[in-house]
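The residues making up each chain are set out below.
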Amino acid sequence: MSVLVITGTGTEVGKTVVVAALAALAAADGRRVAVLKPAQTGIADGEPGDLAEVVRLAGPVTTRELRRYPEPLAPATAARRSGLPTVHPSEVASAAVALDETHDLVLVEGAGGLLVRFDEGGSTIADAAWALNAPVLVVAHPGLGTLNMTALTAEALLRRGLESIGVVVGRWPAVPDLATRTNLVDLPEAAGAPLLGVLPDGAAALGRDEFVATAREGLSPWFGGTFDPEKFAAPHTC
C-alpha cells in the first residue's frame, strides 16, 4: 500500500497545510491522490472543513471524511457530547485500504496529536497506523517546547512499533526567534528521524500555483520537493 499517516505534536501546528502540500506535489507529478480525514471536529454540517482546504490548495484530489462533530474537542469527547457515533481504527484502515486500490497515494490526517482519543476505548490514529502498517510523518511547531513534544511523539511511535519517517515544521515564522532557529538542528534528534520539510506560516493564504511552488521548495525530495535541511538551517544557526 502507498498510505502515509500524518500526525501532529499537538493542535495548530499546520498539519492540514502539510497534507495539502504533500497532495499538491504528488498530484502535480501526475499521481492519483486521496486524502482521508477520520474525524473532523469544530465544524458544523455544511461548513467547509480541512478537506475543503486541501482541495482549495492542492487541486481536485479525492477526499473522504468519516465523522464530523460540531464542537472543537477531541473526537471521543465531541462524539459523546453530540450523541454521534465514534470512529474506530478498523474503520479508518478499511477506508484507507479501499482508497489505496484506486490511488497512488493515500494521506490519512489525524486529529491533533498522536494519542488524541477517537472513541471511549481510547483508540487513536496510532492504532489506525498500526492496523495499516503505514509509516507516520510528524508535523511539529517550530518554537519553544517543540523538542519535548516531538520527543514524546517519537517515543510513543517507537513503543507502538510504528515507523516515523521524519518531521516537518508546519508553520515557520517570518521572524524566527532564538529557540526556533536552534530547533532546526535539534528537531531531528528529538524526532529520531530526519527533518523533511519546513513550510512558512501563512502558506494557506496563497493561491494554488504559488502554494505548489512553496510546497516544492519546502518539502524533501522524498515527496517531490527540493528542500535541503542543511541549506535551510545554515543562515539560522547560531
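Predicted model only: the values in this text are computed from it and were never measured.

## A few points about the packing of helix H1 (residues 15-28) against helix H2 (residues 50-58)
And step 1. Orientation of H1 relative to H2, taken along the N-to-C sense of each, is 40°, at an axis distance of 9 Å. On the basis of the axis angle, H1 is oblique to H2. By crossing handedness, the relation of H1 to H2 is classed as right-handed. Facing Thr-16, Val-19, Ala-20, Ala-23, Ala-24 and Ala-27 of H1, the residues of H2 in contact are Asp-50, Glu-53, Val-54, Leu-57 and Ala-58.

## Examining the environment of Arg-80
And step 1. Here Arg-80 lies in helix H3 (residues 75-82).
And step 2. For Arg-80, a relative accessible area of 63% gives the class exposed.
And step 3. On a C-alpha basis, the gap between Arg-80 and Tyr-69 in space is 9.8 Å, while along the polypeptide they are 11 residues apart.

## Some remarks on H3
And step 1. Restricting attention to buried positions, one finds in H3 the residues Pro-75, Ala-76, Ala-78 and Ala-79. Along the axis of H3, the buried residues cluster in a sector spanning 165°; they form a single face. Exposed and oriented more than 90 degrees from the buried face of H3 are Arg-80 and Arg-81.
And step 2. Where H3 is buried, its residues contact strand E2 (33-41), strand E3 (62-69) and strand E4 (105-113).
And step 3. The positive-phi residue at the C-terminal boundary of H3 is Gly-83, with phi of around 75°.

## Quick word on the packing of aromatic side chains
And step 1. Counted by the stated rule, this structure contains 2 aromatic pairs.
And step 2. An angle of 75° between the planes, with centres 5.3 Å apart, marks the rings of Trp-172 and Phe-232 as edge-to-face. Highlighted residues: Trp-172 in strand E6 (residues 164-172) and Phe-232 in helix H9 (residues 229-233), separated in sequence by 60 residues.
And step 3. Ring geometry for Phe-227 and Phe-232: centres 5.7 Å apart, planes at 50°, overall tilted.
And step 4. Looking at Phe-232, the relative accessible area reads 23%, which means it is partly exposed.
And step 5. Among the aromatic residues, those joined into a cluster by ring pairs are Trp-172, Phe-227 and Phe-232.

## So, the pairing of E4
And step 1. Burial within E4 is extensive, with 9 of its 9 residues counted as buried.
And step 2. Strand direction decides the pairing type here: strand E1 (residues 3-8) and E4, joined by 5 bridges, are parallel. Within E4, the position partnered with Val-5 by the bridge is Val-108.
And step 3. With 4 bridges joining them, E2 and E4 adopt parallel strand pairing. Directly across from Val-33, in E4, lies its bridge partner Leu-105.

Rules used in this analysis
- Residues numbered from 1 in each chain as written.
- Predicted model: local features only at pLDDT ≥ 70, side-chain atom pairs only at ≥ 80, totals over all residues.
- Heavy atoms only, no water.
- Axes fitted to C-alpha atoms, helices over the stretch in contact; angles between N-to-C directions.
- Helix = DSSP H or I, 4+ residues; strand = E, 2+ residues; numbered from the N terminus.
- Parallel < 35°, antiparallel > 145°, perpendicular 65-115°, else oblique.
- Left-handed = near helix turned anticlockwise from the far one by under 90°.
- Contact = heavy atoms within 4.5 Å.
- Buried < 20%, exposed > 50% of the residue type's maximum accessible area, 1.4 Å probe, protein only.
- Arc of directions from axis to C-beta.
- Phe/Tyr/Trp six-rings, centres within 6.5 Å; stacked < 30°, edge-to-face > 60°.
- Pairing = 2+ DSSP bridges.

Everything listed here is a matter of coordinates, which is why it stays silent on function.
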